[in-house]
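Letter by letter, the chains look like this.
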Amino acid sequence: MPWRVMPDDRKAGVMPNPYAVWLSEVMLQQTTVAAVRQYHQKFTRIWPTVAELAAAEDADVMAAWAGLGYYARARNLLKCARAVVADHGGAFPQTYDDLITLPGIGPYTAAAISAIAFDEVSTVLDGNVERVMARLYDDHTPLPAAKPVLMDYAQRHTSNERPGDYAQAVMDLGATICTPKSPACGICPIMVECAARAAGSQTELPKKTPKKPKPTRHGIAYIARRADGAWLLETRPDKGLLGGMLGWPTTEWGDAPDEYEPISADWIESDTEARHTFTHFNLVLRVQTAWLPQDASPNRGQFMPEDTFSPSALPTVMQKAYTLAAATLRPV
DNA sequence: TAGTCGTGGGC
DNA sequence: TGCCCAAGACT
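Residues numbered from 1 in each chain as written. Chains lettered and ligands numbered in written order. Predicted model: local features only at pLDDT ≥ 70, side-chain atom pairs only at ≥ 80, totals over all residues. Heavy atoms only, no water.

### Notes on the UniProt feature "domain: HhH-GPD" (unreviewed entry) in chain A
The sites that carry the UniProt feature "domain: HhH-GPD" (unreviewed entry) are, in the present numbering, residues 27-176. With 64% helix and 0% strand, residues 27-176 has end C-alpha atoms that lie 19 Å from one another. (UniProt positions renumbered as here; feature names shortened; annotations may be inferred. Helix = DSSP H or I, 4+ residues; strand = E, 2+ residues; numbered from the N terminus.)

### A few points about the packing of helix α9 (residues 127-136) against helix α10 (residues 147-157)
In a packed pair of helices, the relevant descriptors are the angle between the two axes and the axis-to-axis distance. Following both chains from N to C, one finds α9 and α10 inclined at 85°, their axes separated by 9 Å at the closest point. By the angle between their axes, α9 is roughly perpendicular relative to α10. Together, V129, E130, M133, A134 and L136 of α9 and K147, L150, Y153, A154 and H157 of α10 make up the contact between the two elements. A per-class count over the contact of α9 with α10 returns 7 nonpolar, 1 polar and 2 charged. (Axes fitted to C-alpha atoms, helices over the stretch in contact; angles between N-to-C directions. Parallel < 35°, antiparallel > 145°, perpendicular 65-115°, else oblique. Contact = heavy atoms within 4.5 Å. Nonpolar A, V, L, I, M, F, W, Y, C, P; charged D, E, K, R; others polar.)

### Notes on the protein's contact with DNA strand C
Among the 23 residues in the neighbourhood of DNA strand C, the closest are listed as G104, D126, N128, P180 and K211. Within 4 Å of the protein, the contacting atoms of DNA strand C are drawn from sugar and phosphate to the extent of 66%. D126 is positioned such that a nitrogen or oxygen atom in its side chain is 2.4 Å from a sugar or linking oxygen of DNA strand C. Within the backbone of G127, an N or O atom sits 3.3 Å from a phosphate oxygen of DNA strand C. Those elements giving two or more residues to the surface near DNA strand C turn out to be α8 (107-118) and α9. Residues of the surface near DNA strand C, tallied by class, amount to 8 nonpolar, 9 polar and 6 charged. (Near = heavy atom within 4 Å. Polar contact = N/O pair within 3.5 Å; in protein donor to acceptor, adjacent residues only side chain to side chain.)

### Side note on the nonpolar core
Core analysis: the biggest nonpolar cluster contains 89 residues, and W22, F43, W65, V124, M133 and W248 have the highest contact counts within it. Per-element tally for this core: the top contributor is α8, with 9 residues. Both domain 1 (7-204) and domain 2 (216-326) contribute no fewer than three residues apiece to this core. Setting aside residues up to four positions removed in sequence, F43 forms contacts with Y19, L23, M27, P48, V61, A64, W65 and L77. (Core = buried A, V, L, I, M, F, W, Y, C linked by side-chain atoms within 4.5 Å. Buried < 20%, exposed > 50% of the residue type's maximum accessible area, 1.4 Å probe, protein only. Domains from an automatic or database assignment.)

### Section: helix α13 (residues 316-326)
By the burial criterion, the buried members of α13 are V317, M318, A321 and A325. The buried residues of α13 occupy one face: seen down the axis, they fall within an arc of 100°. The secondary structure elements touched by the buried residues of α13 are β1 (216-226), β3 (246-247), β5 (274-277) and β6 (282-292). (Arc of directions from axis to C-beta.)

### Considerations on the domain arrangement of chain A
Domain parsing of chain A yields domain 1 (7-204) and domain 2 (216-326). With centres defined by C-alpha atoms, the gap from domain 1 to domain 2 works out at 35 Å. The interface of domain 1 with domain 2 comprises 7 residues on the first partner and 11 residues on the second. Between domain 1 and domain 2, roughly 670 Å² of surface is buried when both sides are summed, and carbon and sulfur atoms account for 58% of that area. Contact with domain 2 buries area across many residues of domain 1, yet A66, Y71 and R75 alone supply 60% of it, more than any other trio. Here domain 1 is connected to domain 2 by 3 residue pairs in polar contact (both at pLDDT 80 or more). Grouping the amino acids of the side of domain 1 that touches domain 2 by side-chain chemistry returns 5 nonpolar, 1 polar and 1 charged. (Buried area = accessible area lost by both parts, 1.4 Å probe.)

### A closer look at the packing of helix α5 (residues 58-65) against helix α6 (residues 72-88)
Viewed as axis vectors pointing N to C, α5 and α6 meet at an angle of 135°, and their least axial separation amounts to 9 Å. Judged by the angle between their axes, α5 and α6 are oblique. The crossing of α5 and α6 is right-handed. Facing α5, whose interface residues are D58, V61, M62 and W65, α6 presents R73, A74, R75, L77, L78 and R82. (Left-handed = near helix turned anticlockwise from the far one by under 90°.)

### Considering helix α3 (residues 33-46)
Given a rise of 1.5 Å per residue, 14 residues ought to cover 20 Å, and the 20 Å separating the end C-alpha atoms of α3 matches this to within 8%. Taken together, the buried positions of α3 are occupied by V36, Y39, H40 and F43. Viewed end-on, α3 has its buried residues packed into an arc of 110°, placing them on one side of the element. Residues A34, Q38, Q41 and R45 are exposed on α3 and point more than 90 degrees away from its buried face. Against the buried residues of α3 lie α2 (18-27), α5 and α6. (Expected span 1.5 Å × (residues − 1).)

Here it is, written out as structure tokens:
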């Protein structure tokens, strides 16, 4: 990430911007660096400081987050920014104990911010560190039960003098060398100390409890335009899937789709379905489109003028539905 | 504690 | 192709 401060500069007293560190750590939760980079750039360009982010409209922040996933992070991001401004004078708290009280900041993120941005002696334990420690000590206890002992291992290695450098180094080790599939043990700086390497068990670790199969759910999205070109959209409730995001009115997503039209109209079914994979289920989404008269009054959603709507403000599954609908809902 | 909560990329 | 996943938090 562009905000990173290399060890020599950190030794000279240069510290990273806490706002940039916080933003990146939240975005990186369960998300790849490649996906985060452009979003981090966009957020710091639009909202250069935590105070400016705190003053932003909810809808603008959700739209900027669209496509990155796990949308509760965006809602908590705003809550956190506003708490930093309201309760901490616009300056991020510097300790693990204070940081973890903030919305969206859990054990990992509190440790990462306090260590990286403030050089507090906090131990980061993310997926990378769990893997490094499980291998270093050849521990076959399956996750997540192994977390406490892996944290104990990780604390033994945390530097009292350079906790920020250590935190970044151990995660980089996991991200680039001690990787899940094909670890590059030959160039690993701690190869000779690694018990899994000695036992030949490195690719089996860390052990994980088996996961449940994903069910397939079905639903229908209704994509309608008014005569003036406005789109019928709705803001989803804060709680639950895609919470707080803009989207098309849809049926419930269940074993079998029930027909529920947001307004009576001559709906035309798209010839193909949108398929999308969520964390815990697969979705097959039928798409129906319609043109509505100018005086239409649907029982769900609200019309968004053509010139203020952008599909980029939608979560990916809704963008997929939009792509299918665009074939039959050409511009006015 | 185990379920909920997105997405795109790699193999 | 389907599965695994990637710098977790929240309930």
